[in-house]
Amino acid sequence: MEKQSRHKRRYWKRKNAGLCTSCGVNPSHEGKSWCQGCLSKGAECRRKAKDKKIKNGICVHNGCNEPSTKTQRCDRHQEEQNLRSFKRNLAIKKETFEAYGGAKCSCCGDDEIWVLCLDHIGGDGSSHRQQLRSIGKDAGGHGFYRMLKSQGFPDKDRYRVLCCNCNLYIHLRGEPCYHQQS
Ligand SMILES: [Zn+2]
Ligand SMILES: [Zn+2]
Ligand SMILES: [Zn+2]
Ligand SMILES: [Zn+2]
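Read on for a plain summary of the structure.

About the criteria used
- Residues numbered from 1 in each chain as written.
- Chains lettered and ligands numbered in written order.
- Predicted model: local features only at pLDDT ≥ 70, side-chain atom pairs only at ≥ 80, totals over all residues.
- Buried ≥ 20, exposed ≤ 12 C-beta atoms within 10 Å, placed from the backbone.
- Helix = DSSP H or I, 4+ residues; strand = E, 2+ residues; numbered from the N terminus.
- Arc of directions from axis to C-beta.
- Contact = placed C-beta atoms within 7 Å.
- Expected span 1.5 Å × (residues − 1).
- Core = buried A, V, L, I, M, F, W, Y, C linked by C-beta atoms within 7 Å.
- Pairing = 2+ DSSP bridges.

So, about helix α6 (residues 164-173). All buried positions along α6 are accounted for by C166, N167, Y169 and I170. Buried positions in α6, seen along its axis, are confined to an arc of 165° and lie on one side of it. Opposite the buried face of α6, by more than 90 degrees, sit the exposed residues L168 and L172. In the core, the buried residues of α6 are packed alongside β1 (116-120) and β2 (159-163).

To continue, consider helix α2 (residues 36-55). What sets the pattern is the α-helix's 3.6 residues per turn: residues three or four places apart point alike. Helix length check: α2 (20 residues) gives 28 Å between terminal C-alpha atoms against 28 Å at 1.5 Å per residue, within 8%. For α2, the buried fraction is low: one of the 20 residues fall into the buried class. Remark: G57 follows α2 within two positions and exhibits a positive phi of approximately 70°.

In this structure, Y100, C105, L116, V161, L162, C163 and C166 are the most contacted members of the largest nonpolar core, which totals 13 residues. The set of elements that each furnish at least two residues to this core consists of β1, β2 and α6. Among the elements that take part in this core, β2 stands out by supplying four residues, more than any other. If sequence neighbours within four positions are ignored, C163 has contacts with C105, C108, D110, V115 and L116.

Glancing now at the pairing of β2. Across the five residues that make up β2, a large majority, five, are buried. Residues of β2 alternate between two faces, with Y159, V161 and C163 on one and R160 and L162 on the opposite face, all of them buried. Pairing between β1 and β2: five bridges, direction antiparallel. Considered in β2, the bridge of D119 is made with R160.

If you check the backbone angles, F153 has positive phi at about 50° while not being a glycine. The topology assignment puts F153 in the loop between α5 (141-150) and β2. Taking the C-beta count within 10 Å as the criterion, F153 has 15 such neighbours and is therefore assigned partly exposed.

Before going further, it helps to spend a moment on the environment of H120. You can see H120 is positioned in strand β1. Considering only alpha carbons, one finds H120 and G109, eleven residues apart in sequence, at a separation of 17 Å.

What follows deals with the environment of I58. Relative to the helices and strands, I58 resides in the loop between α2 and α3 (75-99). Each C-alpha atom of the pair I58 and Q72 lies 7.4 Å from the other, and the pair is 14 residues apart in sequence. With near-sequence residues (within four places) excluded, I58 lies in contact with K53, N65, P67 and S68.

This is the structure we're talking about:
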């Protein structure tokens, strides 16, 4: 008890001084509690522990000792992981759409998230995707949304939200959507 509160005091003393809470020597890395050195040491340590678990066929989830099955996790933790990435992907998708005009089709107003996508206005989508791939970036879907987020959602007039229906019509016909024609 006594030992723990001393540990906590030391933690806050370092934190408030902007020092790494692990070594207390170097300044903490931007937005993190630890310095660059301690962060990479920690990552290396976690990676080794993970490799060992994979080699022994144990679920890689922290603290779990169940045997892994189809993936590197036991069934229960794989399911948890799937749900987590599903929620994360849905959240980043919504956030991206909100940033580029709202989570609804900018043409027909459909707001079913599953049929919406981010469209390149001007139709340079495929060349942009190619260009992104050539510099090793994820060019489609959630990786692309995450990249936009990390850049603060730039080029607001380059993208718009469209539903599959309008998107398909515009790109197949190469003309304004039938919703826009009178
Ligand atoms: Zn450190
Ligand atoms: Zn597990
Ligand atoms: Zn639409
Ligand atoms: Zn339309």
